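Notes for the structure review
Residue strings, one per chain:
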Amino acid sequence: MGLYAVTLRPRCAFASPIRSDTLFGAMIWGARWIHKPPDFEQLLKRLPDSPPVAVSSAFPCSFAGRETLRFFPMPILPPLQTPDIQRFTAELQKRYPKLTAKQALIHVVELNKKLNRLAFVSQSLFTEIITGRLTRPSIFASLLYAEETEKDLQLCGNILMGKNEAATFKAPEIREIMAQGNAVDRVGLATAEGQLFVRIGVSFAEHTGLWFLFYAEDAAFWRPVLRWLEDTGLGGDRSVGKGQFAFSEPEPFELPAVERADAVVMLSRYLPAHGEIDWSAKPIFYHLVGHRGKVENRFSASQHPYRERGVRLFAEGSVFPLPQSEKPFYGRLIQVDVQEDRSVYHAGTAIAVKAAIGGRA
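Keep in mind the model is a prediction, meaning the values are calculated, not measured.

1. Digging into the overall build of the protein chain
If you tally the helices and strands in the protein chain, you get eight helices and 19 strands. Along the first, second and third principal axes, the C-alpha set of the protein chain runs to 70 × 55 × 40 Å. For the protein chain, with 361 residues in total, the buried portion stands at 47%. At a minimum sequence separation of 6, the contacts of the protein chain that also span at least 24 residues come to 76%. Working note: accessible area of the protein chain is about 19,100 Å², and carbon and sulfur atoms make up 49% of it. Charge centroids of the protein chain, computed over 43 positive and 38 negative side chains, lie 4 Å from each other.

2. A word on the pairing of strand E13 (residues 263–266)
Both faces of E13 are covered, namely the face carrying Ala263 and Val265 and the face carrying Val264 and Met266. Bridging between E13 and strand E16 (residues 319–321) involves three bridges; their strand directions are antiparallel. The partner of Ala263 across the bridge, within E16, is Pro321.

3. Observations concerning the sheet that holds strand E19 (residues 352–355)
Adjacent strands of a sheet form backbone hydrogen bonds with each other and so pair up, either parallel or antiparallel. In spatial order, the strands read E16-E13-E19; together these three strands make up an open sheet with antiparallel pairing. Edge positions in the sheet fall to E16 and E19, since each of these pairs with one other strand and no more. For this sheet, the mean angle separating the axes of adjacent strands, direction not counted, is 35°. In this sheet, E19 lies alongside E13 in antiparallel orientation, the contact comprising four bridges. In the strand pairing of E19, Val265 is matched with Val353.

4. Side note on the layout of surface pockets
The computed volume of the second largest pocket comes to approximately 790 Å³. Contributing to the lining of the second largest pocket are 37 residues, with Arg19, Leu118, Ala119, Phe120 and Asn158 lying nearest its centre. Breaking the lining of the second largest pocket down by element, the ones donating at least two residues are strand E3 (59–64), helix H4 (101–116), strand E8 (174–185) and strand E9 (190–204). A per-element tally of the lining of the second largest pocket places E8 first, with three residues.

5. So, the packing of H4 against helix H6 (residues 136–144)
Between H4 and H6, whose axes approach to 11 Å, the crossing angle comes to 125°. On the basis of their axis angle, the class for H4 and H6 is oblique. Crossing geometry of H4 relative to H6 is assigned as right-handed. Contacts between H4 and H6 involve His107, Val108, Leu111, Asn112, Leu115 and Asn116 from the former and Arg136, Ile139, Phe140, Leu143 and Leu144 from the latter. Broken down by class, the residue content of the contact of H4 with H6 amounts to seven nonpolar, three polar and one charged.

6. Notes on H4
Since there are 3.6 residues in each turn of an α-helix, residues three or four apart along the chain are aligned in direction. End to end, H4 covers 22 Å across 16 residues, agreeing with the expected 22 Å (1.5 Å per residue, within 8%). Ala104, Val108, Leu111, Asn112 and Leu115 are the residues of H4 that are buried. Taken end-on, H4 shows its buried residues confined to a sector of 105°, consistent with a single buried face. In this structure, the buried residues of H4 make contact with helix H3 (82–95) and H6.

7. As for the pattern of salt bridges
Evaluation of the coordinates by the stated rule reveals eleven salt bridges. We note a salt bridge from Glu91 to Arg87, for which the minimum N-O separation is 3.7 Å. Of this pair, Glu91 and Arg87 are both found in helix H3, four residues apart, which corresponds to roughly one turn of the helix. Glu91 sits in the partly exposed class, given a relative accessible area of 28%. With relative accessibility at 36%, the residue Arg87 sits in the partly exposed group. Beyond isolated ion pairs, a larger network of salt bridges with shared partners links Asp84, Arg87 and Glu91.

8. Considering the side chain of Ser57
One can find Ser57 in the loop between strand E2 (53–55) and E3. Residue Ser57 is classed as buried on the basis of its relative accessible area of 0%. Within the local environment of Ser57, its side chain forms a polar contact with the backbone nitrogen of Ser20, the two atoms lying 3.0 Å apart. At 2.4 Å, the side chain of Ser57 and the side chain of Glu316 are in polar contact.

9. Topic: H3
Between its terminal C-alpha atoms H3 stretches 20 Å, which fits the 20 Å expected from 14 residues at 1.5 Å a residue. Buried positions along H3 lie against H4 and H6.

10. Here we look at the pairing of strand E6 (residues 153–156)
Direction of pairing for E6 relative to strand E7 (residues 159–162): antiparallel, over a ladder of four bridges. If you follow Leu155 over to E7, its bridge partner there is Leu160. The turn linking E6 back onto E7 is made up of two residues, and Gly157 within it adopts a positive phi angle of 65°.

11. Remarks on the environment of Ala192
Relative to the helices and strands, Ala192 resides in strand E9. In this structure Ala192 comes out as partly exposed when scored by relative accessible area, which is 30%. Along the chain, Ala192 and Gln103 lie 89 residues apart, while their C-alpha atoms are 55 Å from each other. Excluding anything up to four places from it in sequence, Ala192 contacts Ala183 and Asp185.

Rules used in this analysis
- Residues numbered from 1 in each chain as written.
- Predicted model: local features only at pLDDT ≥ 70, side-chain atom pairs only at ≥ 80, totals over all residues.
- Heavy atoms only, no water.
- Helix = DSSP H or I, 4+ residues; strand = E, 2+ residues; numbered from the N terminus.
- Buried < 20%, exposed > 50% of the residue type's maximum accessible area, 1.4 Å probe, protein only.
- Contact = heavy atoms within 4.5 Å.
- Areas by Shrake-Rupley, 256 points an atom, 1.4 Å probe, with all protein chains shown as cover.
- Lys, Arg positive; Asp, Glu negative; His and termini not counted.
- Charge placed at Lys NZ, Arg CZ, Asp CG, Glu CD.
- Pairing = 2+ DSSP bridges.
- Axes fitted to C-alpha atoms, helices over the stretch in contact; angles between N-to-C directions.
- 1 Å grid on protein atoms, 1.4 Å probe; cavity = no way out; pocket = protein on both sides within 12 Å on 5 of 7 lines; lining within 4 Å.
- Points joined across faces, edges and corners; volume = space filled by probe spheres on them.
- Parallel < 35°, antiparallel > 145°, perpendicular 65-115°, else oblique.
- Left-handed = near helix turned anticlockwise from the far one by under 90°.
- Nonpolar A, V, L, I, M, F, W, Y, C, P; charged D, E, K, R; others polar.
- Expected span 1.5 Å × (residues − 1).
- Arc of directions from axis to C-beta.
- Salt bridge = Lys/Arg side-chain N within 4 Å of Asp/Glu carboxyl O.
- Polar contact = N/O pair within 3.5 Å; in protein donor to acceptor, adjacent residues only side chain to side chain.

See the structure below:
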């Protein structure tokens, strides 16, 4: 199987961030419409035991002319402990004698809060983190003493990039937007009481795009599927114009090579297969997210969008011990319901990258 990268240039707002489970469902459904029945039926037979494709979530990227700077999810690293906070507070007081102990502590704690909100790092910094050259304390120290020493890291909201990168690329800007709408009563031909509602979405600055990875045996099989998605859109509220984008041709991509790896970092929402993770081993750092997706409305016979049973998944950036058996991707599909005598599955397959993280007792 080959690993490919696809870049998306949004043409409008999206209803929500595009996660791996949404992308997986969209690509499988696109294959249903694009490829002939024999090909699609052969694809379906491989679900859920041997999925023919695995995708990452869509992450931000920044455009500068013809150049693109990709960002990865920030790996969930061991948090700073109380001794770390005390040490940085003491060091800050030594560097800036005019600061009181309370002022130094407040400054350290506030910076730690900003670091806890960090969501994405540039590709070069991601490589340094997973190879063990850049740790959470070293990131914290670089940002804490940036005014005194040459600043080589730049924190822009929840995005971290290098100073040299910030000289060429603007930090991606993705904003949450709210739009008020109203439902019209078809009998009274007017807005009835209680029919006002608010749609929440995400908008992108002109220099900001999205990109994702996918594993597949043949990229040519999925290229027309991506073109179909370019026409139909991604995510919710496509019928009112959201989720439109232009995509680049899939290009081969290589994940960073890591020596003495002891962990994997997930680039997708992840549902482990049975026996895939040794839960007694280290390191393990993760966030859990709940998701209750919608079945494609062209599949459901109901007039109302059908929501599947909710599932809990491990978020992008979660860190797990290195599995004993190496695979192109990990995780599994889970059956969440049966509708119209057809099984409904939720994708928990994940693309992972090896890392040298280490654990804490």
